Each structure stands twice: as C-alpha cells, then as structure tokens.
Amino acid sequence: MIFHSSRESDFLTDLDASLRQMLFDAAIRRQVAAGQAIQREGDTARTLMIIRSGRVRLSRTSAEGKRMALAHLGDGDLFGLFALIIGRPKNYDADAEIDTSLLVVDRPTFNGLLDCEAAFRNHVFTFLGRRLESAFQALNDERNLPLTLKTARMLLYYADEEGEVRLTQEALAEQLGASRNGLGLALKSLAGDGLIERHYGSIRIIDREGLDRRLSDQGTQDVIF
C-alpha cells in the first residue's frame, strides 16, 4: 500500500539543508546493477537507503502467494526509514530496475544525529506523526474510494512536473491490486472527463487541478509523496 499524502522522501525534502548534508556525508555509497536485489523481506540490517540515481521496485508476497508491487522509486527517493527506527526486519523486497546508485545510512549514524542534533530529532518526530496520519487516510481510502479515484491518486503520485506518468499500465494495475480491464475502464473515465491523455505506452495528466478537485470532493488528502 502506498501512503500518498506523506512520502518517506519528504523526510529529506523538508530536512534542513545542513542536516541533510551531514546525513549524506556519513552515508556509504553502494552501486547495484539492474535486476539485482538490494534487500529481501526478513533482512535484519537496520539501514536507510537513499536513491542517488536509478530506479527501485519495492514488492512483497501476499498471504495468498501473490506478488504485489508496493512502489517504484527513483532519484531522491528513500526507503527503509521505518525499519531503521523501529528495529524490525525488512517487510518487503527491493530490487534495482536499472543500474542504481545508493547512499546507505546505518543505525549508529542515524542515532548519532538523533542524540546530537535537536532539530533532527524534532524533524523525525514530526515526520512520523504525519506518516501515521497518512496511514489512517490510506486505510480509509482503501475501504471507501472507487477504483477511478484510487487511479487518480496513483497518477498524481507518479506524474512528473510535466504531467507524464512514467509507469506502465501493468505496473499501475499491480500496485492498485486491480485487473488490467478494471484499470482500463478507470483511465477511460478520467480521459473522458478531460483530466488525462492516453497514448500508446504513456499517460499524461492534462488537468492536475481537476484531479485534485475530484479527490477533494471525496474528502481525500492532496498528494505530496
């Protein structure tokens, strides 16, 4: 499940520049070739991964044995923050979709910043509170939102500044837990309302404000991820 209203990557975006640089300077550089595993579900290493460049797929296997995509992350995104803080084993797989460069922050480095930098400590607490709020919102949306609006949220989540959604329809359907036909109908509805354009192999948002209004009318939060 994706928590759209407060991405883990906002942890870096909202962090004071000097603290962010301290975090980067203390990190270990790691290169991962396309198709290689970064971590596996159950791994116990307490590390935060920051993507310098590349693309990473997060996934897990459901209780029914079905493989589910959780997220497709790119430059500037991060993962592993909560496993690092809570101290639990990793609960998803991470694989490099293309050649990927990572910054790896271990537990002692993270704890050192918590102990010595009050601003960093306050930032962590504030961020965790926002994530808890967004988790409740995501659970509510999962129960109540129709597929068309779930699709709208997902498109806003992955769209770049130009509105291009650089994710295949197959990957979108997998992440939404929807059939290809169901997703196709949802996209057709959004296109018919003049909110998106569909072309072979690509989707582009042409009315971002309209999508936001559609979600707001249903009482959902705006996308920040």
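Here the structure is a predicted model, which is why all the values come from computation and not from measurement.

1. A few points about the sheet that holds strand 8 (residues 100-106)
- Taken in spatial order, the four strands of this open sheet run 1-8-3-6, and their pairing is antiparallel. The open sheet terminates on both sides in strands that have one partner only, identified here as strand 1 (28-32) and strand 6 (78-79).
- As defined by bridge partners, strand 1 adjoins strand 8 across five bridges and the pair is classed as antiparallel. Within strand 8, the position partnered with Gln31 by the bridge is Ser101.

2. Description of the nonpolar core
- The biggest cluster of nonpolar side chains holds 39 residues, and the ones touching the most others in it are Ile38, Leu58, Phe79, Leu155 and Ile196.
- In terms of residue count, helix 6 (residues 147-158) provides more of this core than any other element does, seven residues in total.
- Sequence-distant contacts of Leu155, defined by excluding residues within four places in its chain, comprise Val165, Leu172, Leu187, Leu190, Ile196, Ile203 and Ile205.
- Core analysis: the next-biggest nonpolar cluster, separate from the first, contains 19 residues, Leu23, Ala27, Leu78 and Leu103 among them.

3. Structural notes on the packing of aromatic side chains
- What the rule picks out here adds up to two aromatic pairs.
- Each ring, one from Phe110 and one from Phe120, has its centre 5.3 Å from the other, and the planes form 75°; the classification is edge-to-face. Taken together, the residues span a long stretch of sequence, with Phe110 in helix 4 (residues 107-116) and Phe120 in helix 5 (residues 118-144) at a distance of ten residues. Comparing Phe110 with Phe120, the two get one shared label, buried.

4. Remarks on the sheet that holds strand 2 (residues 37-39)
- With respect to topology, four strands assemble into an open sheet ordered 2-7-4-5, the strand pairing being antiparallel. Both edges of this open sheet fall to strand 2 and strand 5 (67-73), since each of them pairs with a single strand only. Averaged over all adjacent pairs, the angle separating strand axes in this sheet is 30°, with direction ignored.
- Two strands pair when backbone bridges link them, and strand 4 (residues 56-61) and strand 5 are joined in this way by six bridges, in the antiparallel orientation. Along strand 5, the bridge assignment pairs Val56 with Leu73.
- Relative to the sheet, helix 7 (residues 169-176) contacts strand 4 and strand 5, its axis offset from that of strand 5 by approximately 115°.

5. A look at the confidence of the model for the protein
- Averaged over the protein, the pLDDT score is 84; the fraction of residues at 70 or greater is 91%.
- Under a pLDDT of 50 for its full length, residues 1-6 has, in the predicted model, 30 contacts with residues more than four places off or in other chains.

6. Quick look at the pairing of strand 10 (residues 196-199)
- With four bridges connecting them, strand 10 and strand 11 (residues 202-205) associate as antiparallel partners. Its bridge partner being in strand 11, His199 is matched across the sheet by Ser202.
- Hairpin remark: strand 10 followed by strand 11, antiparallel, with two residues in the connecting loop; positive phi at Gly201, about 80°.

Each value, and the rule that gives it
- Residues numbered from 1 in each chain as written.
- Predicted model: local features only at pLDDT ≥ 70, side-chain atom pairs only at ≥ 80, totals over all residues.
- Heavy atoms only, no water.
- Pairing = 2+ DSSP bridges.
- Helix = DSSP H or I, 4+ residues; strand = E, 2+ residues; numbered from the N terminus.
- Core = buried A, V, L, I, M, F, W, Y, C linked by side-chain atoms within 4.5 Å.
- Buried < 20%, exposed > 50% of the residue type's maximum accessible area, 1.4 Å probe, protein only.
- Contact = heavy atoms within 4.5 Å.
- Phe/Tyr/Trp six-rings, centres within 6.5 Å; stacked < 30°, edge-to-face > 60°.
- Axes fitted to C-alpha atoms, helices over the stretch in contact; angles between N-to-C directions.
- pLDDT = per-residue confidence, 0-100.

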